[in-house]
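# Remarks on the overall topology
Take a look at the letters that make up each chain.
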Amino acid sequence: MRKKIVAGNWKMNTSIAEGELLANQIDFLTSTLDNDVQIIITPPYTHLQKVGMVLKDHKSKVELAAQNCADHTSGAYTGEVSVEMLKELTCKYVILGHSERREYYGETNETLLKKINLVLSAGLKPIFCVGEKLEEREANKHFEVVASQIKEVLYKLRGVEFANVIVAYEPVWAIGTGKTATSDQAEEMHAYIRRVIADKFAQYADETPILYGGSCKPSNAAEIFSKENVDGGLIGGASLNAQDFVTIIKSF
Ligand code: PGA
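Here the structure is a predicted model, which means the values were calculated and not measured.

Rules used throughout
Residues numbered from 1 in each chain as written. Predicted model: local features only at pLDDT ≥ 70, side-chain atom pairs only at ≥ 80, totals over all residues. Heavy atoms only, no water. Core = buried A, V, L, I, M, F, W, Y, C linked by side-chain atoms within 4.5 Å. Buried < 20%, exposed > 50% of the residue type's maximum accessible area, 1.4 Å probe, protein only. Contact = heavy atoms within 4.5 Å. Near = heavy atom within 4 Å. Polar contact = N/O pair within 3.5 Å; in protein donor to acceptor, adjacent residues only side chain to side chain. Areas by Shrake-Rupley, 256 points an atom, 1.4 Å probe, with all protein chains shown as cover. 1 Å grid on protein atoms, 1.4 Å probe; cavity = no way out; pocket = protein on both sides within 12 Å on 5 of 7 lines; lining within 4 Å. Sits in = over half its atoms within 2 Å of the grid points. Nonpolar A, V, L, I, M, F, W, Y, C, P; charged D, E, K, R; others polar. Axes fitted to C-alpha atoms, helices over the stretch in contact; angles between N-to-C directions. Helix = DSSP H or I, 4+ residues; strand = E, 2+ residues; numbered from the N terminus. Parallel < 35°, antiparallel > 145°, perpendicular 65-115°, else oblique. Left-handed = near helix turned anticlockwise from the far one by under 90°.

Further remarks concern the nonpolar core. In terms of nonpolar packing, the biggest core is built from 68 residues, with Ile41, Ile116, Phe128, Leu154, Ile193 and Tyr212 touching the most fellow members. Look past the residues within four positions of isoleucine 116 in its chain and what remains in contact with it is Leu96, Pro126, Phe128, Val153, Leu154, Leu157 and Val165. Grouped together as the second largest cluster of nonpolar side chains are twelve residues, Ala65, Cys129, Ile166 and Leu211 included.

Turning to the site of the ligand, a few remarks are in order. Residues in contact with the ligand amount to 13 residues; listed here are only the nearest, Lys11, His98, Glu170, Gly176 and Ser215. Between an oxygen atom of the ligand and a side-chain N or O atom of glutamate 170, the distance comes to 2.7 Å. One nitrogen or oxygen atom from the main chain of glycine 176 is found 2.6 Å from an oxygen atom belonging to the ligand. When isolated, the ligand has an accessible area of 280 Å², and the protein chains bury 94% of it. Applying the majority rule of atoms within 2 Å of the grid points places the ligand in the second largest pocket. Residues of the shell around the ligand, tallied by class, amount to four nonpolar, seven polar and two charged.

Where helix H7 (residues 142-153) meets helix H9 (residues 183-200), the closest approach of the two axes is 10 Å, and the angle between their N-to-C directions is 40°. For the element pair H7 / H9, the angle class is oblique. As H7 runs across H9, the sense of the crossing is right-handed. Side by side, H7 and H9 meet where His142, Phe143, Val146, Ala147, Ile150 and Lys151 of the first sit next to Glu188, Met189, Tyr192, Ile193 and Val196 of the second. Residue composition of the contact of H7 with H9, by class: eight nonpolar, one polar and two charged.

Right, here's the structure in full:
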């Protein structure tokens, strides 16, 4: 049985106080849930300590993740945050390769390979994002683009390392736009991603969680999650409202 995961990506939103409140609300609303969904929240760096303390104090089932990490272990890298620092803040996961990082901060597959290796060697789990832009889908290049994102980073890992990777398919045209991929489009790509993974890591492909991201919300989550190869969601906007986020979690 593959793990079901719903991860909230808060991006650069909320004050620290709002973040603490949101974490408290999510913890409260999920504390009595008895489904087997792994719940992850990803506040900004500045919130991790306080939010981590909220989760620890409540012995919460909600786990903590970071939105990014440095591509070096330590040293003279002004403005960067290392994986060991994130680990100290009780993060268990790190989102890597989000399209916003690729697009606005020039993250390449080469940088991402360095980061994913650091995350894995620290014993944290990467949530590795892939996805095509609108013009790539329109040119019918979406499969090719996603395959190359997987091959240039994930194929370079050893199988035992790959076993800890969570993949998120996030079509760039669906992120924050209100346009969701249809559940069939999501399933088609998720099944393809699983085949690409199987070509290299046959024994792990079946167990790899593949999350969908891009305007996933309470009104469409159940339909998307009903698909065989969709194992959960990476939720942006809708994860900033505790009620909406929990409704999505309950959509399984
Ligand atoms: P969205 O963002 O749900 O706001 O579209 C998803 C993401 O970027 O992870």
